[in-house]
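Inside the fold
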Amino acid sequence: MSYDDLHIEYERLKSENEYLRKMIFGAQTERHAVTEVDSSQLNLFGTYAPLEEDKIETESISYERKKKKHAGRNKLPQHLPVEEITIEPEADTTELKKIGEEITESLKYTPASLVVLRIIRPKYVKKNQEEILIAPMPNRAIHKCIAEPSLLSYIMVNKFVDHQPFYRQIQAFKRDYDWELSSSTVNDWFVACCTLMEPIYNLMVDRIKQSNYIQVDESPIKVLESENKKQTHQGYQWVYHSPADQTIVFNYRKGRGMHGPKEFLQDYQGYLQCDGYSVYDKLGRQSGIKLVGCLVHARRYFHQALDNDPGKANYALKIFKEIYDENREWKELDAEEITKKRKAYLLPKLKALKVWCEEEGIICPPRSPIGKAMKYYLNQYDKLIQVVNDGILELDNNLIENKIRPLALGRKNYLFAGNHKAGQRIAMMYSFFATCKVKNVNPAKWFKQTLDALADPEFENIKLLLP
């Protein structure tokens, strides 16, 4: 290997090391403010030291600072229950006239409580003593389950929204209420809830497939092997989002191959927005599917190349910033107007960046971070420019990446799913609660009300239960 090759490899490894350090220890934001650096500006950490004959001029600067007035604390919510305490003066007030009162408000916390719901059904016997009269038991969503819908809702929301594993909740029940609950019982409740609510999930899947614009991404999840419980399998949650309908569906698959999304998107017709993963390119060959690229993924590669080649990386990032700044100004326009604006203003910038990558890429080491950034942009260019052809399209997949974050947080706490079937049950719960979040629906209330509705054996209109 020549000296030049060794140097290139050294720079590549150095950049990779810096990137990994930033991912572990640094801030994760990719927002980029491009600043112009004066070439005459001295480096703060440089070796320059002024000579004795250098003249140092000092200048006194004075200014007025306008101090912003504090807006005060937020008002307490009006819907909360109020407990009033009146404190009378210690002195005798019998002959005094009341002229007003001072009111001070604060918040206190009342811990949640478990309450035993005891249903008593009196039994009566008729005069002939041959027939006993007793009221029927109220309908229950889960037969013979001691957990009421309110408790089931609390447990599921606590795990899939607040990321508290079942075992931690069991410990809390023991600590706070002296109630011992087995993990197998909680898991049985989880399975029963998923079985009961599966028709709702299937309806959400149908709604996603019926849209004409889907964003897709995938995220790993550890699953215990069925044969050897000491080893884990790398499964994947494929996440599909319909921006128009604001429905999110998680779909568990054993691997990251093409089989899962191909089966899920069978007969789908419309836009499919994705990153540069090769599986999506294969899906794009399916008749009726039009692939759309993600500008954030393309920008990310240039952001990662800042330490490698700040000049070129900043040049590209500045163009991306201009694109996003301009597009942000059109968000109130209809789709047709947005399309016209994008074709007039964004398309020339995307084309110019392509030409620049083609020219500069010739002289950049292909394995360097900046070389990889240019190559990725060029490879994805045909998909990236699709965003200018229809105003309904987002510039990136950020909406769906935000939906995956709860999965990442939960993954850190409960580490793995018990088996492959559990992986799909987890997918169902994340689908429900992610859709609740984007539609601003209280997940605990929705879950309880859904179980209450499903307890009625005559209830048939599942569409009314969509989050």
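In what follows, the structure referred to is the one given above.
The paragraphs below set out a description of the structure included in this document.

1. Considerations on the overall build of the protein
Within the protein, the regular secondary structure consists of 13 helices and eight strands. Looking at the protein as a whole, 36% of its 467 residues qualify as buried. Contacts spanning at least 24 positions in sequence make up 64% of the contacts within the protein whose residues lie at least 6 apart.

2. Section: a nonpolar patch on the surface
Residues Leu117, Ile119 and Met137 make up a contiguous nonpolar surface patch of about 280 Å² in total accessible area. Its place among the elements puts leucine 117 in the loop between α1 (3-25) and β1 (123-125).

3. Section: the nonpolar core
Counting 68 residues, the largest nonpolar core has Met156, Met429, Phe432 and Phe447 as the members making the most contacts within it. In terms of residue count, helix α4 (residues 183-210) provides more of this core than any other element does, twelve residues in total. Once residues within four sequence positions are removed from consideration, methionine 429 is found in contact with Phe160, Phe190, Cys193, Cys194 and Phe447. Listed in part, the 38 residues of the second largest apolar core include Val296, Phe302, Ala313 and Leu384.

4. Thoughts on helix α9 (residues 335-360)
Between its terminal C-alpha atoms α9 stretches 35 Å, which fits the 38 Å expected from 26 residues at 1.5 Å a residue. At lysine 343, α9 is deflected by roughly 40 degrees, the largest bend along its length. Within α9 the residues assigned to the buried category are Ile338, Thr339, Arg342, Leu346, Leu347, Leu350, Leu353, Trp356 and Cys357. Contacts from the buried residues of α9 go to α7 (295-304), α8 (310-328) and α10 (369-384).

5. Section: the packing of helix α2 (residues 149-160) against α4
Here α2 crosses α4 at 95 degrees, and the two axes come no closer than 11 Å. In terms of orientation, α2 lies roughly perpendicular with respect to α4. Taken together, the residues of α4 that come into contact with α2 (itself represented by Leu151, Leu152, Ile155, Met156 and Phe160) are Val186, Trp189, Phe190 and Cys193. Tallied by class, residues from the contact of α2 with α4 come to nine nonpolar, no polar and no charged.

6. Here we look at the side chain of threonine 339
Checked against the element boundaries, threonine 339 lands in helix α9. Residues contacting threonine 339, with those up to four places away along its chain left out, are Val388, Asn389, Asp390 and Gly391.

Rules used throughout
- Residues numbered from 1 in each chain as written.
- Predicted model: local features only at pLDDT ≥ 70, side-chain atom pairs only at ≥ 80, totals over all residues.
- Heavy atoms only, no water.
- Helix = DSSP H or I, 4+ residues; strand = E, 2+ residues; numbered from the N terminus.
- Buried < 20%, exposed > 50% of the residue type's maximum accessible area, 1.4 Å probe, protein only.
- Contact = heavy atoms within 4.5 Å.
- Patch = residues over 30% accessible without salt bridge, like charges linked within 9 Å, V, L, I, M, F, W, Y side chains within 5 Å.
- Areas by Shrake-Rupley, 256 points an atom, 1.4 Å probe, with all protein chains shown as cover.
- Salt bridge = Lys/Arg side-chain N within 4 Å of Asp/Glu carboxyl O.
- Core = buried A, V, L, I, M, F, W, Y, C linked by side-chain atoms within 4.5 Å.
- Expected span 1.5 Å × (residues − 1).
- Bend = angle between axes of the 7 residues up to and from the residue.
- Axes fitted to C-alpha atoms, helices over the stretch in contact; angles between N-to-C directions.
- Parallel < 35°, antiparallel > 145°, perpendicular 65-115°, else oblique.
- Nonpolar A, V, L, I, M, F, W, Y, C, P; charged D, E, K, R; others polar.

Note that all results are geometric; they support no functional claim without further evidence.
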